[in-house]
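As a plain string of letters, each chain reads:
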Amino acid sequence: MEHIELALIAVFFLLFANFSGKLEKSIFSGPMIFAFVGLLFSPVIFGAFDLKLENNSIQFVAEFTLMILLFTDASRIDISSLRKEHTLPMQLLGISLPLTILLGALIAMLMFDFLDLPTALILAVILAPTDAALGQAVVSYEKIPVRIRQTINVESGLNDGIALPFLLLFIALAIGADNPSNSQSISYWIGFAGKQIGFGLLVGIAIGFTGGKFVSYCQDKGIASKTFTDLSAVVLAILSFALAESIHGNGYISAFIAGLTLGNTSKHICKGVYEFAETEGQLLTLLTFLFFGALIIVPTVQAITLETFIYALLSLTLIRIVPVAIGLIRDKLGFESIMFIGWFGPRGIATILYGILILNQAGIPHKEFIFNVAMLTVVLSVVLHGVSAMPWSVGYSNRINKHKHIQGKPEHKIVSEMPVKNNK
């Protein structure tokens, strides 16, 4: 990256940071603004950036961002509270998420007959994780019932990590199926995926637990300063990633599990993780959207066909909303509440990073096509969810709160609040 390009990024971040108070009250989300500015900087408009997606610095930012995203999101989740109070996100993760993947793969195979089952499943899994930050008003607008806000927040924090093992498995199946000359190919790649998932889980649990206890011990004995205690919590994400990769496990799964373990065994030291997520983590996320605008939007738009556009819209609507309605049917939520939760499943940072992950994986058939469809869905989501978040949040909260006095109204059930991501 040239110095002038770095200077332009720095100037824009400075402007955004100092006008962010005004922007929080608008319909323009941080990801939307950064993607748009990245588009302006792209070679086809002002040409301020002369970068390639294969650039090592871009790859590093993407990989590091995904690791931190998985770790910090998981560390926010209180499993005990999730089991006792948060039935809605549990049903979304346990019922709606698998149905979303299956429905997405089925429709992809019907619309694109050159996709076989493994590649269709890859596309569906990449598009399954949600990103609450694209409609930040939904989880930060306090007039919305806390149960609804927390459902969207918790689902977004967990579904990217839950989807990752499935993505690895389907990648293995796709690579194996594309090499029929090797009779051991499918079994080899399934075994490879199993080691990636298994070793990732083991390392994540070990580092999250022992690392958290070590940091807690040093903190309790007064031999560590608060500054470095906070830093240590985030360093555990890097340690879990690196150790898992060194023994052929998956570092991203390890980081996710380490964050989940840390957040539930050493919760009191996680304040540093949240602070990191709100500063350096947010910087990485917004930088990813800047690169998304500069490097990905134009090629994605150029590759649009009617079929890919329709599939992207279906992914944001039918493929998302129907499984959500099925998953929440027994809770007797109102129709608008189900539609509200169903619509606000934006596709953002996890989809971008998983898309880059498969683009750099050799042997996956039709990976460029899968990448383009996934990125088109993100482009639509950034715009549609960004502009609809505040108006619908205000309107929905006004309508739902008219019935707040009705005893037993499921939307108004009191639940505990977990830390919310803030990428506005």
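Reading the values: the criteria
Residues numbered from 1 in each chain as written. Predicted model: local features only at pLDDT ≥ 70, side-chain atom pairs only at ≥ 80, totals over all residues. Heavy atoms only, no water. Salt bridge = Lys/Arg side-chain N within 4 Å of Asp/Glu carboxyl O. Helix = DSSP H or I, 4+ residues; strand = E, 2+ residues; numbered from the N terminus. Buried < 20%, exposed > 50% of the residue type's maximum accessible area, 1.4 Å probe, protein only. Phe/Tyr/Trp six-rings, centres within 6.5 Å; stacked < 30°, edge-to-face > 60°. Axes fitted to C-alpha atoms, helices over the stretch in contact; angles between N-to-C directions. Left-handed = near helix turned anticlockwise from the far one by under 90°. Contact = heavy atoms within 4.5 Å. Polar contact = N/O pair within 3.5 Å; in protein donor to acceptor, adjacent residues only side chain to side chain. Patch = residues over 30% accessible without salt bridge, like charges linked within 9 Å, V, L, I, M, F, W, Y side chains within 5 Å. Areas by Shrake-Rupley, 256 points an atom, 1.4 Å probe, with all protein chains shown as cover. Parallel < 35°, antiparallel > 145°, perpendicular 65-115°, else oblique. Nonpolar A, V, L, I, M, F, W, Y, C, P; charged D, E, K, R; others polar. Core = buried A, V, L, I, M, F, W, Y, C linked by side-chain atoms within 4.5 Å.

Attention now goes to the pattern of salt bridges. Under the criterion given, the structure shown has four salt bridges. The residue D331 makes a salt bridge to R147 at a minimum N-O spacing of 3.6 Å. Here D331, found in the loop between α14 (318–327) and α15 (335–343), pairs with R147, found in helix α8 (residues 146–177); they are 184 residues apart in sequence, far enough to count as distant. R147 shares its class with D331; the two are buried. Measuring nitrogen to oxygen at the nearest pair gives 2.6 Å for the salt bridge that ties R399 to E336. Of the two residues, R399 sits in helix α17 (residues 367–400) while E336 sits in helix α15, which places them 63 residues apart along the sequence. We classify E336 as partly exposed; its relative accessible area is 24%.

The next point concerns the packing of aromatic side chains. The geometry of an aromatic ring pair comes down to the distance between the two centres and the angle between the two planes. Enumeration according to the criterion identifies 15 aromatic pairs in this entry. Each ring, one from F344 and one from W392, has its centre 5.6 Å from the other, and the planes form 55 degrees; the classification is tilted. With F344 in the loop between α15 and α16 (349–359) and W392 in helix α17, this pair connects stretches of sequence that are 48 residues apart.

A few words on the packing of helix α5 (residues 87–111) against α14. Where α5 meets α14, the closest approach of the two axes is 8 Å, and the angle between their N-to-C directions is 145 degrees. The two elements α5 and α14 meet at a crossing, and its hand is right-handed. Residue-level contacts link Q91, L92, I95, S96, L99, T100, L103, G104 and I107 of α5 to L318, I319, P323, V324, I326 and G327 of α14.

Turning next to the side chain of D131. Locating D131 in the fold gives a position in the loop between α6 (117–126) and α7 (136–140). A polar atom in the side chain of D131 sits 3.0 Å from the backbone nitrogen of I349.

The next thing to look at is unusual backbone geometry. With phi around 70 degrees, H248 is a residue other than glycine that occupies positive phi space. For H248, the position within the fold is in the loop between α10 (226–246) and α11 (251–265). With phi around 60 degrees, K332 is a residue other than glycine that occupies positive phi space. Looking at the element boundaries, K332 is found in the loop between α14 and α15.

Here we take up the side chain of T65. With respect to the element layout, T65 can be found in helix α3 (residues 56–75). Judged by its relative accessible area of 2%, T65 falls in the buried class. In contact with T65, not counting residues within four places along its chain, are L284, T285, T288, I349 and L353.

Looking at where A35 falls in the secondary structure, it is placed in helix α2 (residues 30–41). Given a relative accessible area of 3%, A35 falls into the buried group. Each C-alpha atom of the pair A35 and F292 lies 6.1 Å from the other, and the pair is 257 residues apart in sequence.

The next subject is the environment of E336. Sequence separation of E336 and A62 is 274 residues, and the distance between their C-alpha atoms is 36 Å. Of the polar contacts made by the side chain of E336, one reaches the side chain of R399; its length is 2.6 Å.

What follows is about a nonpolar patch on the surface. A cluster of nonpolar side chains, I27, F28, V301, I304, F309, L313, V383, L384 and V387, forms an exposed patch at the surface whose accessible area comes to about 640 Å². Elements with a contribution of two residues or more to the nonpolar patch: α13 (306–316) and α17. Among the elements that line the nonpolar patch, the one with the most residues is α17, at three residues. Looking at the secondary structure, you find I27 in the loop between α1 (3–23) and α2.

Axis separation between α5 and α8 bottoms out at 9 Å; the angle between their running directions is 40 degrees. As the angle between them shows, α5 and α8 are arranged oblique. Of the two possible hands of crossing, α5 and α8 adopt the one that is right-handed. On the side of α5, the interface is formed by T87, L88, P89, L92, L93, L97 and I101, while α8 contributes R147, T151, V154, E155, L158, N159, I162 and F170. For the contact of α5 with α8, the per-class residue count stands at 10 nonpolar, three polar and two charged.

Further remarks concern the nonpolar core. The biggest cluster of nonpolar side chains holds 104 residues, and the ones touching the most others in it are I122, L167, F292 and Y311. Top contributing element to this core by residue count: helix α12 (residues 271–302), with 14 residues. In contact with I122, other than residues within four places in its own chain, are L167, F170, I171, A174, I358, I364 and I370. If you look at the next biggest cluster of nonpolar residues, it comprises 25 residues, including V139, I144, L333 and F344.

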